[in-house]
Each structure stands twice: as structure tokens, then as C-alpha cells.
Amino acid sequence: MKTHALLLLLAAVLVAVASATSPPRIPLPGGPAEPDCTGNSAADRWRKDCNWCSCRNGRGTCTRRLCPQGVKDDEPPCEGNPTWKDDCNSCSCVDGRAICTSEYCGGEPGPVVVESKRSLACEEGSRWRVECNWCTCEHGRGVCTEAACIDWNEAKAIEDGVVECHGDARWKKDCNWCTCVNGRGICTTLACLPSERNPYHNLPEGATCVPGSRWLQECNWCVCNDNGNAICSLRACQPDLRHDGPTCEGDSSWRQDCNNCRCVNGTSACSKRLCR
């Protein structure tokens, strides 16, 4: 009996010591969960396959129709002004078109589709504007006019009603894709790596070309070495001699005075800035 009483007393002492030395439990603040969507459930909705979804209390609720595979209808992807999440991407409705970010959401990658660099620049037939120049998508690459846009004012151009694109144009700007909506380009907002914006990234200062480039300068062919320097043949060129055939190769990029040049389908395309 005495042993039992001593054990109970010892247990009480241990509990008291633990209570005195353990830090108090502080309840963590539990803020409201971030909503998956916004919008008026009676007027704003978006499509998921053949089903319509609307936002109720920050959560998307959808109809549950069985959607036949490969069947398309003429209904718009969305109506009103909802915003919603598609996996980890955020979407909004602009004039009946779903505009979504294009971040990678993790998980097991799907099958790798190998596409040439040419097929990733724009969709065939698209037309869009870069400052005062118009570009057209040919064979997956943008081919642009080469006017010198001196004192170009983009804000005034938009104020004067100059559109940025035509129809359902889609084109790539750095690493982001742009879609034409009512004559205006709506683009994703991914942070692009420097190499995706500047072909001279990681080259020494003063580099005049991208290694491996090959282009024609008058009657001489130039090749770019690994340091970004051009090495050209030194033939004496006849005045007014015209060259029949390609004037560059592949995806070559080089500089000519203060202008940037690139190869488009075997033809040299250079900006036309006024060089000092």
C-alpha cells in the first residue's frame, strides 16, 4: 500500500515538473483559405471539358455531364468575368476567351514532344506588331518588316487606335506566349531566363555574333567563332554584284554596325537603326 502511494506521489511530481519546464502551447493563426475562384455564381462561369463551372464561396462547382471524346461545340470557353484555377495556373475570362498562365505544375511529366525551334515562335498565319513593324508567322517563325522606328511612341499609337495584332494571332515574346484579343496582345507573365531574351548571353563583352552563325556580307561569307567574333573571307567584291541563293544559314544571329541581324529561312533580316 505504501509502495502504491509512493508511486502516485512520484507521478504527480513528474507531471508538475514537466508542466513547469515545457513551453506553453500557442495556437497558430488559421487565416481563411485562399479562394480557388472569384465571380458571380449567377453570371460568371467557365468551361471544363463539356461542363460549366461557377464560383460559390470561393470554390468551383461544375456540372457532371459525361463528355464524349473528340467532340467540340461552338460554346465559348467562359462567360462574364470569372477567375479560376486550372491546376496551379490562374485563369481569367477576357471577352469569352480563357487566358491562363502556363506554369509547370509538377507531377509526372507527360510524353516528350520534340518540336523544332521554328515551331515554337508563333502560329501559322498570325500577324502582330513590334513597334512600327508588322510581323507575319511563316513556317513557325516571325518574319517582320524592317522599318526604322525613329521616335516611335507606343502609347500614342494605342491612343490613335493602332492595333497590336489581328484575328486570333498567337506569338511568342521572349519565353511568354501572347494571344490576340480584340486587337490587343494578352501575354503570359513568366520570368524569362536571360538566355531566352538575349542570344548574346554568356558571351564576352563586345561579341558581334552567336557562335556557329554563318552569313554573307557583300560577297564574303562570315563564320562566328566560339568567342563571338566574326571571321570573314577577304574576296574583292564587284560593285552591284547580286547573290543568288541563301545569304545565311540556320538560326544565325550577328551584329552589323549598331543593327541586329538574324537568319529567317535563309535570308538575312536586319534592323535598320540610324547608326552614329
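Computed from a predicted structure; not experimentally measured.

Q: For this particular structure, what's the right way to read the pairing of strand β11 (residues 141-144)?
A: Each regular strand shows side chains that alternate between the opposite faces of the sheet. Two strands pair when backbone bridges link them, and strand β10 (residues 133-138) and β11 are joined in this way by 4 bridges, in the antiparallel orientation. Of the residues in β11, the one forming a bridge with T136 is V143. As consecutive antiparallel partners, β10 and β11 are separated by 2 residues, and within that stretch H139 has a phi angle of approximately 55°, a positive value.

Q: Looking at this structure, I do not really get the pattern of salt bridges. What am I missing?
A: Side chains that differ in sign of charge can pair as their charged atoms come close. By the definition in use, this model includes 7 salt bridges. D160 is paired through a salt bridge with K156; the nearest N and O atoms lie 2.9 Å apart. Residue K156 is classed as partly exposed on the basis of its relative accessible area of 47%. The partner of E249 in a salt bridge is R214, with the nearest N and O atoms 2.7 Å apart. With a gap of 35 residues between them, E249 in the loop between β18 (230-232) and β19 (253-256) and R214 in strand β16 (residues 214-217) connect regions that are remote in the sequence. Residue E249 is classed as partly exposed on the basis of its relative accessible area, which comes to 40%. The exposure class of R214 is partly exposed, given its relative accessible area of 28%.

Q: For this particular structure, what's the right way to read the state of the cysteines?
A: What makes a disulfide is a covalent bond joining the sulfur atoms belonging to two cysteines. One pass over the full model with this rule turns up 10 disulfides. The disulfide partner of C78 is C93, and the gap between their sulfur atoms is 2.2 Å. Here the S-S torsion is close to 90°, and the disulfide linking C78 with C93 is therefore right-handed. Of this pair, C78 sits in strand β5 (residues 78-79) while C93 is found in strand β7 (residues 89-94), placing the two residues 15 residues apart along the sequence. Exposure class is identical for C78 and C93. Each is buried. Residue C222 pairs covalently with C232 via a disulfide, S to S 2.0 Å. Disulfide C222 to C232: torsion about the S-S bond roughly 105°, handedness right-handed.

Q: When you look at the UniProt feature "domain: Pacifastin" (unreviewed entry) in the protein in this model, what are you seeing that I'm missing?
A: Mapped onto the present numbering, the UniProt feature "domain: Pacifastin" (unreviewed entry) falls at residues 34-70, 75-108, 119-152, 162-195, 206-240 and 245-276. The span residues 206-240 shows a helical share of 0% and a strand share of 34%, and its end C-alpha atoms are spaced 31 Å apart.

Q: Honestly, the sheet that holds strand β20 (residues 259-264) in this entry has me stumped. Any pointers?
A: Backbone hydrogen bonds are what pair the strands of a sheet, in a parallel or an antiparallel way. The strand order across the open sheet formed by 3 strands is β19-β20-β21, and the pairing between neighbours is antiparallel. Here the strands that pair on one side only, and so sit at the sheet edges, are β19 and β21 (267-270). Adjacent strand axes in the sheet meet at a mean angle of 30°, parallel and antiparallel pairs treated alike. In the sheet, β20 pairs with β21 via 4 bridges, with the strands oriented antiparallel. Bridge pairing links C263 to S268 in β21.

Q: Explanation requested: the sheet that holds strand β3 (residues 51-56) in the structure shown.
A: One open sheet holds the 4 strands; their spatial order is β4-β3-β2-β5, and the pairing between them is antiparallel. On the outer flanks of this sheet lie β4 (59-62) and β5, each paired with one strand and no other. As paired strands, strand β2 (residues 45-48) and β3 are joined by 3 bridges and run antiparallel to one another. The residue bridging R47 from the neighbouring strand is W52, located in β3.

Definitions and limits used
Along each chain, residues carry numbers from 1 onward, in the same order as the chain's sequence is written. With pLDDT at 70 or above as the cut-off, local features in this predicted model cover only qualifying residues; side-chain atom pairs require 80 or more to be listed or tallied, and sums for whole chains, interfaces and linings still use all residues. With hydrogens and water stripped out, all remaining heavy atoms of the structure feed into the side-chain values. If DSSP finds at least two bridges between two strands, the strands pair. Helix numbers and strand numbers start at the N terminus; a helix is a DSSP run of H or I with at least 4 residues, a strand a run of E with at least 2. By definition here, a salt bridge exists when the distance from a side-chain nitrogen of Lys or Arg to a carboxyl oxygen of Asp or Glu is within 4 Å. Type-normalised accessible area, obtained with a 1.4 Å probe on protein chains alone, sets the label of each residue: buried when under 20%, exposed when over 50%, and partly exposed for intermediate values. Put simply, a disulfide is two cysteine sulfurs that come within 2.5 Å. UniProt positions are given in the numbering used here, feature names are shortened, and annotations may be inferred rather than shown by experiment. Orientation is described by axes fitted as lines to C-alpha atoms, over the contacting stretch for helices, and by angles from 0 to 180 degrees between their N-to-C directions.

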